[in-house]
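# Descriptive structure summary
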Amino acid sequence: MALLEVKNLGISFGGLRAVDSFNISIEKGQLYGLIGPNGAGKTTVFNLLTGVYKPNEGIVTLDGKNITGKKTIEINKEGVARTFQNIRLFKDMSVLDNVKVGLHNKHHYSTLEGILRLPRYRKVEKEMNEQAMELLDVFDLAGQADYLASNLPYGKQRKLEIARALATEPKLLLLDEPAAGMNPNETQELMDTIHFVRDKFDMTILLIEHDMKLVSGICEKLTVLNFGQVLAEGETGEVLNNPQVITAYLGE
Ligand SMILES: Nc1ncnc2c1ncn2[C@@H]1O[C@H](COP(=O)(O)OP(=O)(O)OP(=O)(O)O)[C@@H](O)[C@H]1O
């Protein structure tokens, strides 16, 4: 059974058919790429998968459970986490606290327990600090735990965003243009990080990316969107050599 199964997903904005009859099937542990020219509908697919938009039609199944049309917070609790095209960290919070925000999904204390600093609050806070530090360590960010997120260099902010997403313990991680704005060295390091995340956390990853070096370097399968519709799908090498895909990219 596929971890993510999407059937016939569609949404229109006014007269614009942004995503039409979209299908995708992603196996557990797969590193999967969603590519296509600007405006093809890729981010809209992510917004549909994460409950930012409700689809006009179609079904999204995660690990056998129908999550179609649920709220973003519910979908996150079911196991879908994402990062954004433009990094969205809590810039005025510390690196550590950014990860702890992700952990709050799984750890609970009541407001009263928090205000009165009751034992349960202290226990949960201690656990969250330890888990957040472990995650930061994995991403080589433990030394900067007390920094303001906005003071990290760009490449590290990307890593922190991925760490925060992983803190919610997702089954599926969606990365929206993770290499955007990165130099070649940062992109190479990011590729290593994504591979590492997949292997260490046994994670299933769907990523949107324009950087073909990254796409061909790490994605095992691809789906190509063009004008909201699937133009091609399959093994990465095959898809990138598909004449229709080449034409769509060159805009001929
Ligand atoms: N909320 C919205 N209201 C109206 N139109 C929208 C909305 N969201 C997306 N669109 C339109 O849907 C189309 C697909 O946009 P989308 O951002 O999904 O493309 P994309 O493939 O992610 O592009 P890019 O690679 O440039 O990020 C575009 O024409 C866009 O203007």
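Preceding this paragraph is the structure being described.
Rules of the game
- Residues numbered from 1 in each chain as written.
- Predicted model: local features only at pLDDT ≥ 70, side-chain atom pairs only at ≥ 80, totals over all residues.
- Pairing = 2+ DSSP bridges.
- Helix = DSSP H or I, 4+ residues; strand = E, 2+ residues; numbered from the N terminus.
- Axes fitted to C-alpha atoms, helices over the stretch in contact; angles between N-to-C directions.
- Contact = placed C-beta atoms within 7 Å.
- Expected span 1.5 Å × (residues − 1).
- Buried ≥ 20, exposed ≤ 12 C-beta atoms within 10 Å, placed from the backbone.

It is worth spelling out the sheet that holds strand 9 (residues 221–226) at this point. Within the open sheet, the 6 strands sit side by side as 6-7-8-3-9-10. Their pairing is mixed. One side of each edge strand has no neighbouring strand; the edge strands of this open sheet are strand 6 (80–83) and strand 10 (229–235). Taking the axes of each pair of neighbouring strands and ignoring which way they run, one obtains an average angle of 15° across the sheet. Across 4 bridges, strand 3 (residues 31–35) lies against strand 9 in parallel orientation. The residue bridging L34 from the neighbouring strand is T223, located in strand 9. Most of the contacts of helix 1 (residues 42–49) go to strand 7 (residues 172–176), to which it runs at about 150°, and overall it touches strand 3, strand 6, strand 7, strand 8 (204–208) and strand 9.

All right, on to helix 6 (residues 154–167) then. With 14 residues, helix 6 extends 20 Å from end C-alpha to end C-alpha; this agrees with the ideal 20 Å at 1.5 Å per step. Most of helix 6 is tucked away: 12 of the 14 residues are buried. Buried residues of helix 6: K156, Q157, R158, K159, L160, E161, I162, A163, R164, A165, L166 and A167, and no others. Following helix 6 by one or two positions, E169 adopts a phi angle in the positive range, close to 55°.

Keep in mind these numbers describe shape, not what the thing actually does.
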